[in-house]
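# Architecture and fold: a report
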Amino acid sequence: MKNIILKSFVALAIITGLNSCSNEKDLSYSTPSGSFMILSPTSGESVTLNPSNPTNPALALAWEKMSYGTPTQVNYTVEIDKAGDNFDTPVELTTTSNNYITISTADLNGKGLLAGLTPFTQGGLDIRIKSTVGTTGSEVAYSNMVTYLVTPYTTEAPRLYVIGNFLNNSGYGADWTTANTLPYLASSAYGKTDFEGYVNFNQASFEYKFLPTNTSFDGDWGDDSSFSGALLQTGDVNCQGTGAGYYYLKANTGVVTAANPDGLKYTATKVNWGIIGAATPSGWGSSTPLTYNPTTKKWTGTVIMTAGEFKFRANDQWTTNLGGSTGNYMAYDGSNLSIPAGGTYNVVLDLSNPRKYTYTLTAQ
């Protein structure tokens, strides 16, 4: 019996020892034996990103391979952060098993903005490489850091949100409550202050303000108390209007200059939209009216049309009209639109997306 117990104990010790050796061997594969450096670019190099060339290379990175003592595949993650932020919230640029990578203009622009860079302004991006091994990303090691100077861009036009006591009755949400559903105006381009858009004020008397964001009243714009169409920021006076209906709003939050003569002004013009032209029942003589649907936020109508040209216009006048497209959207005072075949059509005019106005004609 003693021999049996002794032999069992020895066998257990041998097995335990083998397991210990096996664990130590595994650990040797994931223990960094040195450090590694970014070879290119060097700190201070710069790039200006161009939205017209989104697939062009914007950043070519190369770095030394990280050694973990024994042959094993190393995974690399390129991390960026706004210069000086100490990678407190790093943005992952890409991952690879190589020790080099090329980043396109579109990718660097998107991730650079996410990291906190300002469009059309040169800013520093701190770059580092994180190395790991295994599927669990064990034994993390970091390269040195370089700062790459990047001038990003944006194709998004700034917005100005409209809030007031009209929201609950107009399908936008609760009165005076900030939310994602607030109607908004859009400027003509980034950096411009000439906002425009359409809002449904569905009550006899309404009050409203303009907000830079749809999350708070910080920096709100209202009337300067003269009620002459002059804007004042962070004032206590609401803009006011009478006459329920659909309004074309314009607001310019920039200072008055020779290049911006409409600065610090706003207008609200009540409009009703229709379709006009040789293809419509009344020809070019008068508009066939459309009806606004507050649920879909679109103008609609069933119209008997013939093959020919047409346009959309407001208030049965040529002051405000939409025609031939700019890109995928209609343009004010644009060229005539056309329809190739006559018939009964469901006409839909969508002005709910500021400066990206569209229409559809669907045969019935």
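Above this note sits the structure.
Moving on: the overall build of the chain. Counting its secondary structure elements, the chain contains two helices and 28 strands. Counting every position in the chain, which comprises 364 residues, the buried fraction comes to 40%. Sequence separation of at least 24 residues holds for 65% of the intrachain contacts in the chain that already meet a minimum separation of 6.

Here we take up the sheet that holds strand 22 (residues 298-305). Strand order in the open sheet formed by four strands is 21-22-27-28, with antiparallel pairing between adjacent strands. Across the chains shown, the open sheet's two edge strands, defined by having one partner strand only, are strand 21 (291-293) and strand 28 (358-363). Along the sheet, successive strands turn relative to each other by an average axial angle of 25 degrees, direction set aside. Note: strand 21 against strand 22, three bridges, orientation antiparallel. Across the sheet, Y292 pairs through a bridge with W299, a residue of strand 22.

Take the nonpolar core next. In terms of nonpolar packing, the biggest core is built from 48 residues, with Y208, F210, W273 and F312 touching the most fellow members. At five residues, the largest contribution of residues to this core is made by strand 17 (residues 245-252). Discounting chain neighbours no more than four positions away, the residues touching F312 are W273, G274, I275, L290, N321, L322, M330, L337, V347, L349 and Y359. Y68, L93, I127 and Y148 belong to the second-largest nonpolar core, a separate cluster that totals 30 residues.

What follows covers the pattern of salt bridges. Under the counting rule described, the total for this entry stands at five salt bridges. We note a salt bridge from E79 to R128, for which the minimum N-O separation is 2.8 Å. Of this pair, E79 sits in strand 4 (residues 74-82) while R128 is found in strand 7 (residues 123-133), placing the two residues 49 residues apart along the sequence. The exposure classification of E79 matches that of R128, with both residues buried.

So, about the environment of T96. With respect to the element layout, T96 can be found in strand 5 (residues 91-96). Sequence spacing of T96 and T77 is 19 residues, and the spatial spacing of their C-alpha atoms is 6.6 Å. Residues in contact with T96, not counting those within four places in the same chain, are W63, V74, N75 and Y76. Of note is the side chain of T96, whose polar atom sits 3.0 Å from the backbone nitrogen of N98.

On the surface, a nonpolar cluster with roughly 260 Å² of combined accessible area is contributed by V255, V256 and L264. With respect to the secondary-structure elements, L264 resides in the loop between strand 17 and strand 18 (265-270).

One full turn of an α-helix is made of 3.6 residues, so residues set three or four places apart face in the same direction. Taken residue by residue, helix 2 (residues 105-115) has T105, L108, N109, G112 and A115 as its buried positions. Projection of helix 2 onto a plane perpendicular to its axis shows the buried side chains occupying an angular sector of 130 degrees, all on one side. With its phi angle positive at about 120 degrees, G116 sits one or two positions after the end of helix 2.

We now examine the packing of aromatic side chains. Taken as a whole and judged by the stated rule, the model has 27 aromatic pairs. Measuring from ring centre to ring centre gives 4.1 Å for F201 and F206, while their planes differ by 5 degrees; the resulting arrangement is stacked. On the accessibility criterion, F201 (0% relative accessible area) is buried. When its relative accessible area of 2% is taken as the criterion, F206 is described as buried. Each residue in the set F166, Y172, F201, F206, Y208, F210, Y247 and Y266 is aromatic and connected to the rest through ring pairs, giving one cluster. We note R128 situated over the ring of F87; from NZ or CZ to the ring centre the distance is 4.1 Å.

In this section: unusual backbone geometry. Working note: non-glycine residues mostly have negative phi, and peptide bonds are mostly trans. Here the amide bond leading from S40 into P41 is cis, since omega sits at 5 degrees, within 30 degrees of zero. Tracing the backbone through its elements, the reader meets P41 in the loop between strand 1 (38-40) and strand 2 (46-48). At N86, a residue that is not glycine, the phi angle is positive and equals roughly 60 degrees. You can see N86 is positioned in the loop between strand 4 and strand 5.

Here three strands make up an open sheet; going across it, the order is 1-3-6 and the pairing antiparallel. Taken across any chain shown, the strands that pair with only one partner, and hence form the sheet edges, are strand 1 and strand 6 (100-104). Each neighbouring strand pair of the sheet contributes to a mean axis angle of 30 degrees, computed without reference to strand direction. As judged from the five bridges shared by strand 3 (residues 57-63) and strand 6, these two strands associate in the antiparallel manner. Within strand 6, the position partnered with L61 by the bridge is I101. Each of strand 3 and strand 6 touches helix 2; the most contacted strand, strand 6, lies at about 80 degrees to it.

With that settled, consider the pairing of strand 12 (residues 194-201). With respect to burial, strand 12 is a largely interior element, seven of its eight residues being buried. For strand 12 and strand 17, the ladder comprises eight bridges, and the chain directions are antiparallel. Counted as the bridge partner of F195 is A251 from strand 17.

With respect to the helices and strands, the residue A62 is situated in strand 3. Each C-alpha atom, one on A62 and one on I101, is 6.6 Å from the other, the two residues being 39 residues apart in sequence. Dropping the residues within four chain positions of it, A62 is found in contact with I38, L39, S40, N99 and Y100.

Rules of the game
Residues numbered from 1 in each chain as written. Predicted model: local features only at pLDDT ≥ 70, side-chain atom pairs only at ≥ 80, totals over all residues. Heavy atoms only, no water. Helix = DSSP H or I, 4+ residues; strand = E, 2+ residues; numbered from the N terminus. Buried < 20%, exposed > 50% of the residue type's maximum accessible area, 1.4 Å probe, protein only. Contact = heavy atoms within 4.5 Å. Pairing = 2+ DSSP bridges. Axes fitted to C-alpha atoms, helices over the stretch in contact; angles between N-to-C directions. Core = buried A, V, L, I, M, F, W, Y, C linked by side-chain atoms within 4.5 Å. Salt bridge = Lys/Arg side-chain N within 4 Å of Asp/Glu carboxyl O. Polar contact = N/O pair within 3.5 Å; in protein donor to acceptor, adjacent residues only side chain to side chain. Patch = residues over 30% accessible without salt bridge, like charges linked within 9 Å, V, L, I, M, F, W, Y side chains within 5 Å. Areas by Shrake-Rupley, 256 points an atom, 1.4 Å probe, with all protein chains shown as cover. Arc of directions from axis to C-beta. Phe/Tyr/Trp six-rings, centres within 6.5 Å; stacked < 30°, edge-to-face > 60°. Lys NZ or Arg CZ within 6 Å of the ring centre and 35° of its normal.

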